[in-house]
Amino acid sequence: MGKHFWISDQPLVVQEVVDLVTRRNAGAINTFIGTVREFTKGKRTLYLEYEAYKAMAEKKLEEIGYEINERWPEAETAIAHRVGRLEITDIAVIIAVSTPHRADSYEASRYAIERIKEIVPIWKKEHWENGEEWIGDQKETKQGIPAKGEAE
C-alpha cells in the first residue's frame, strides 16, 4: 500500500487517492475535492499559490488520519494537498475516507478538512485583478500556524 498523506507540487489525481482507501469491507467512500474558485468575498481571483512546510505538513496530515481512526476505528483515510501555482478549477486538496457505512465516511471527511485548516502548515496567497495577499493559515485567520517562513 502506498503513502496515504502527502504534499505535491504536481496535479492531484482523484482516483489515485481513492484507490488507497478502497477495500472489501468498505460500503462507503467519501471524497472531498477542494478546488480553486474564481470569486472570493466579491473579489475575482486570478490564481492561488500554496506553500507548505512539507515535512511538518505531511506529519500533520498523518496525525489527522490517526485522529480519524480514534473516532472512527473502521475508517481508512488518504489526503493529498497540492502546493505551487494553481489556476481556477485546479484541485488543491483531495480527501478520501472509506468506512463500512456512509454516515461515518461523511463525518470523517468533514472532520479531516476542518482539521487541515486548523493544524496543517500550508499557506495560501491569493492573486486578484487588483493585488495579492498571503492569507495566512487556511482558516484565513492568520493565527494558529506560524507565519510563513517561521516554521522552517
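None of these values were measured; they are calculated from a predicted model. (Residues numbered from 1 in each chain as written. Predicted model: local features only at pLDDT ≥ 70, side-chain atom pairs only at ≥ 80, totals over all residues. Heavy atoms only, no water.)

Enquirer: Whenever I open this one, the overall build of the protein confuses me. Can you help?
Expert: Helices and strands together make up the secondary structure of the protein, namely three helices and nine strands. Counting only residues that meet the buried cut, the protein has 46% of its 152 residues in that class. Here the analysis covers contacts within the protein between residues at least 6 apart in sequence; of these, 71% occur between residues at least 24 apart. On the protein, roughly 8,400 Å² of surface is accessible, and the fraction owed to carbon and sulfur atoms is 46%. (Helix = DSSP H or I, 4+ residues; strand = E, 2+ residues; numbered from the N terminus. Buried < 20%, exposed > 50% of the residue type's maximum accessible area, 1.4 Å probe, protein only. Contact = heavy atoms within 4.5 Å. Areas by Shrake-Rupley, 256 points an atom, 1.4 Å probe, with all protein chains shown as cover.)

Enquirer: It is not clear to me how the side chain of glutamate 126 should be interpreted in this structure. Could you clarify?
Expert: Examined against the element boundaries, glutamate 126 turns out to sit in strand β8 (residues 122-128). By relative accessible area, glutamate 126 is classed as buried at 4%.

Enquirer: For this particular structure, what's the right way to read helix α1 (residues 14-21)?
Expert: It helps to recall that an α-helix has 3.6 residues per turn; residues three or four apart then point in one direction. Within α1 the residues assigned to the buried category are Val17, Val18, Leu20 and Val21. Axial view of α1: buried residues confined to an arc of 155 degrees, hence all on one face. Contacts made by the buried residues of α1 are with β1 (5-8), β2 (28-35), β5 (76-82) and β7 (91-99). (Arc of directions from axis to C-beta.)

Enquirer: Help me out: how do you make sense of helix α2 (residues 54-71) in this one?
Expert: Its 18 residues place the ends of α2 26 Å apart at the C-alpha level, agreeing with the 26 Å of an ideal helix rising 1.5 Å per residue. Residues of α2 that are buried include every one of Ala57, Glu58, Leu61, Ile64, Gly65, Glu67 and Ile68, and no others. In this fold, the buried residues of α2 make contact with β1, β4 (43-52), β5, α3 (102-119) and β8. (Expected span 1.5 Å × (residues − 1).)

Enquirer: For this particular structure, what's the right way to read the sheet that holds β2?
Expert: Note: strands within a sheet are paired through backbone hydrogen bonds, in either parallel or antiparallel orientation. Reading across from one edge, β1-β5-β7-β2 is the order of the four strands in this open sheet, with mixed pairing throughout. Of all strands in the sheet, those with a lone pairing partner are β1 and β2, marking the two edges. Each adjacent strand pair in this sheet contributes to an overall mean axis angle of 10 degrees, direction not counted. Where β5 lies against β7, six bridges are found, and the strand directions are antiparallel. (Pairing = 2+ DSSP bridges. Axes fitted to C-alpha atoms, helices over the stretch in contact; angles between N-to-C directions.)

Enquirer: I tried to follow the packing of α2 against α3 on my own but got confused; where do I start?
Expert: Between two packed helices, the angle of one axis relative to the other and the distance separating the axes together describe the packing. Relative orientation of the contacting elements α2 and α3 amounts to 145 degrees, with a least axis distance of 10 Å. Both α2 and α3 take part in a crossing whose hand is right-handed. From α2, Lys60, Leu61, Glu63, Ile64, Glu67, Ile68 and Arg71 reach across to α3, where they touch Ala108, Tyr111, Ala112, Arg115, Ile116 and Ile119. For the contact of α2 with α3, the per-class residue count stands at eight nonpolar, no polar and five charged. (Left-handed = near helix turned anticlockwise from the far one by under 90°. Nonpolar A, V, L, I, M, F, W, Y, C, P; charged D, E, K, R; others polar.)

Enquirer: Quick question: what am I supposed to make of the pattern of salt bridges here?
Expert: Working definition: two side chains of opposite charge can pair if their charged atoms are close together. The full count for this structure, using the stated rule, is 10 salt bridges. Glutamate 67 is paired through a salt bridge with arginine 115; the nearest N and O atoms lie 2.9 Å apart. Taken as a pair, glutamate 67 in helix α2 and arginine 115 in helix α3 lie far apart in primary sequence, 48 residues in all. Taken as a pair, glutamate 67 and arginine 115 share a single burial class, namely buried. The residue aspartate 90 makes a salt bridge to arginine 82 at a minimum N-O spacing of 3.7 Å. Classification of arginine 82 by relative accessible area gives buried; the value is 10%. Sharing partners across several salt bridges, the network here consists of Glu38, Arg44 and Glu129. (Salt bridge = Lys/Arg side-chain N within 4 Å of Asp/Glu carboxyl O.)

Enquirer: Sorry if this is basic, but what is going on with the side chain of asparagine 30 here?
Expert: By secondary structure assignment, the location of asparagine 30 is in strand β2. Residue asparagine 30 is classed as buried on the basis of its relative accessible area, which comes to 11%. Here the side chain of asparagine 30 touches serine 109 through a polar contact of 3.2 Å, side chain to side chain. Filtering out sequence-adjacent residues up to four positions away, asparagine 30 remains in contact with Ile95, Ala96, Val97, Ser105, Tyr106 and Ser109. (Polar contact = N/O pair within 3.5 Å; in protein donor to acceptor, adjacent residues only side chain to side chain.)

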